[in-house]
Amino acid sequence: MHATANSGSAHPRLTNGVRLQTDPVTGKSVLLHPEGIIELNETAYAILSRCDGRTLDEIVHALAEEYQADPEALAADVNETLADLHQRRLIEYA
Amino acid sequence: MNTPRPYALLAEITYRCPLHCPYCSNPIAGSVCEVPRRPQDGRFSDGELTTDEWQRVIREAAALGVLQIGFSGGEPLARRDLEELIHVAREASLYTNLITSGIGLDDYRVRVLRDAGLDSVQLSFQSDDADLADEIAGARAHKRKLDAAAKFRTAGIPLSLNFVIHKRNIDRLPQMIELVETLGAVRVELANAQFYGWAFLNRAALLPTREQVDRAREIAIAAKARLAGKIDIFYVLPDYYEARPKPCLNGWGQRYLTVNPIGDVLPCPTASSAIPDLRFENVKAHDLDWIWRESESFNRFRGTDWMPEPCRSCPQKEIDFGGCRCQAALLTGNAAQTDPVCEFSPDRTVVDAALREVNSSGGPLREWTYRVNPTMSARLESSRALG
């Protein structure tokens, strides 16, 4: 049973076979996956680097604290980014 | 002009293969024999690169900016040092992909590959139907492939399947997609044969009819919608039926490089056989950085300066890059022509003639010629220095 993208208790994580690392040429973060390479913007990196077993709520709170942002507004951004990555099968929910 | 950096290396570590698929993109036997006899800096390169040589190539590729490596062939499992090469690639932070027939995989091997850090596997199938699949492969392979799929799954290595589609199996697309579901793959490539190497030789037997292609496209689109979020389906059309050429390699010498079994570095895996008048450099004589940036072969079709009309003044020239150099060479005899698939190419008639032939013949099946291993394989066997 998979939790939905909007459930705050869901644990988003990189799909098996997807790797997050730094591109040594550009210094930017990239997702490496079977079909290719995706360069991440700072927002996507900030979110994905925290997909380490934490729940969605915990990720939003950590980001809100670090960037001193409103958690509710932030939650919308996080959801949107994760929904896009989920649709591309780059993340899954545990 | 600033030289771009490459993102992916295709490592064709051997051309030996237990299968004999008539659409193989490897060079047909004759051209493979000639290549290794060419002198390299006064020496004669002889046979496949050694383990040490491949390890150096992999490190040089990573230093050049490559992020992904595909181990291919031939059948890469035929080299017993595959796991060592994967290990070195992972040490260099490369994403590792194995492109395999699955023949040669056993429980021990799959464990060693996983432990070496293999990131993903692309397993080829010829059909869902065992008899047809074995007939296409020219070997009893299908059952072993099913077994290999199960082994990769059990080991937890993400599995993609690949079906090369052609006249003889295209009508079984629904059953092939069912097999993908059964095997628990996360991704499937249903790629119509592209006409290079053995496939070019066997084109009359492989090119599907327009009716077949149209039906297959609809089936693929429907399956894509039905399985969205579960299995990624990539359907690749036979480009002869397109009006515009494919953006081959995303441009020559822009993102990809291939190293073949003897160490020749190619902008495209089929270039060595399709473009015989281009001289390719070898990793035994030069480092990868120099070959990528400076060599004539990588610079010949880089950018847009080489383009003839109608490409030169075409608004699409930065979108499809004039199509495929190998296809231009095979169909017109000149790699610097517009890809004849393009509707604006003066040579489009060559493609139309091939289509007319397959669509008007009423469909008696043509014989194909099975791929055979390079005739120097006996020498390769005795000279390879594997770890």
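Let me begin by describing the structure that accompanies this report. (Residues numbered from 1 in each chain as written. Chains lettered and ligands numbered in written order. Predicted model: local features only at pLDDT ≥ 70, side-chain atom pairs only at ≥ 80, totals over all residues. Heavy atoms only, no water.)

**Regarding the pairing of strand β5 (residues 95-100) of chain B**
Residues and elements named next belong to chain B.
1) Next: Of all 6 residues making up β5, 5 are buried, and the element is well covered by its neighbours.
2) Next: As defined by bridge partners, strand β4 (residues 68-72) adjoins β5 across 4 bridges and the pair is classed as parallel. Residue Phe71 lies in a different strand from β5, and its bridge partner there is Leu98.
3) Next: Handedness of the β-α-β unit built from β4, helix α3 (residues 82-91) and β5 comes out right-handed.
4) Next: Here 4 bridges tie β5 to strand β6 (residues 120-125), and the two strands are oriented parallel to one another. Bridged to Asn97 within β6 is Ser120.
5) Next: Traced from β5 through helix α4 (residues 107-116) to β6, the parallel crossover comes out right-handed. (Buried < 20%, exposed > 50% of the residue type's maximum accessible area, 1.4 Å probe, protein only. Helix = DSSP H or I, 4+ residues; strand = E, 2+ residues; numbered from the N terminus. Pairing = 2+ DSSP bridges. Right-handed = clockwise from strand over helix to strand, strands pointing away.)

**Side note on the packing of aromatic side chains**
All names here are of chain B.
1) Next: Enumeration over the complete set of coordinates arrives at 6 aromatic pairs over all chains.
2) Next: Summarising the aromatic geometry, the rings of Phe301 and Trp306 are spaced 5.3 Å apart at their centres and angled 80° between planes, so their arrangement reads as edge-to-face. Of the two residues, Phe301 and Trp306, both sit in the buried class.
3) Next: Taken together, the ring pairs in this structure connect Trp252, Phe301 and Trp306 into an aromatic cluster.
4) Next: The ring of Phe234 has Lys224 sitting right over it, with the charged end atom 5.7 Å from the ring centre.
5) Next: Here the guanidinium or amino end of Arg325 rests over the ring plane of Phe301, the centre of that ring lying 5.9 Å away. (Phe/Tyr/Trp six-rings, centres within 6.5 Å; stacked < 30°, edge-to-face > 60°. Lys NZ or Arg CZ within 6 Å of the ring centre and 35° of its normal.)

Keep in mind these values describe shape, not function.
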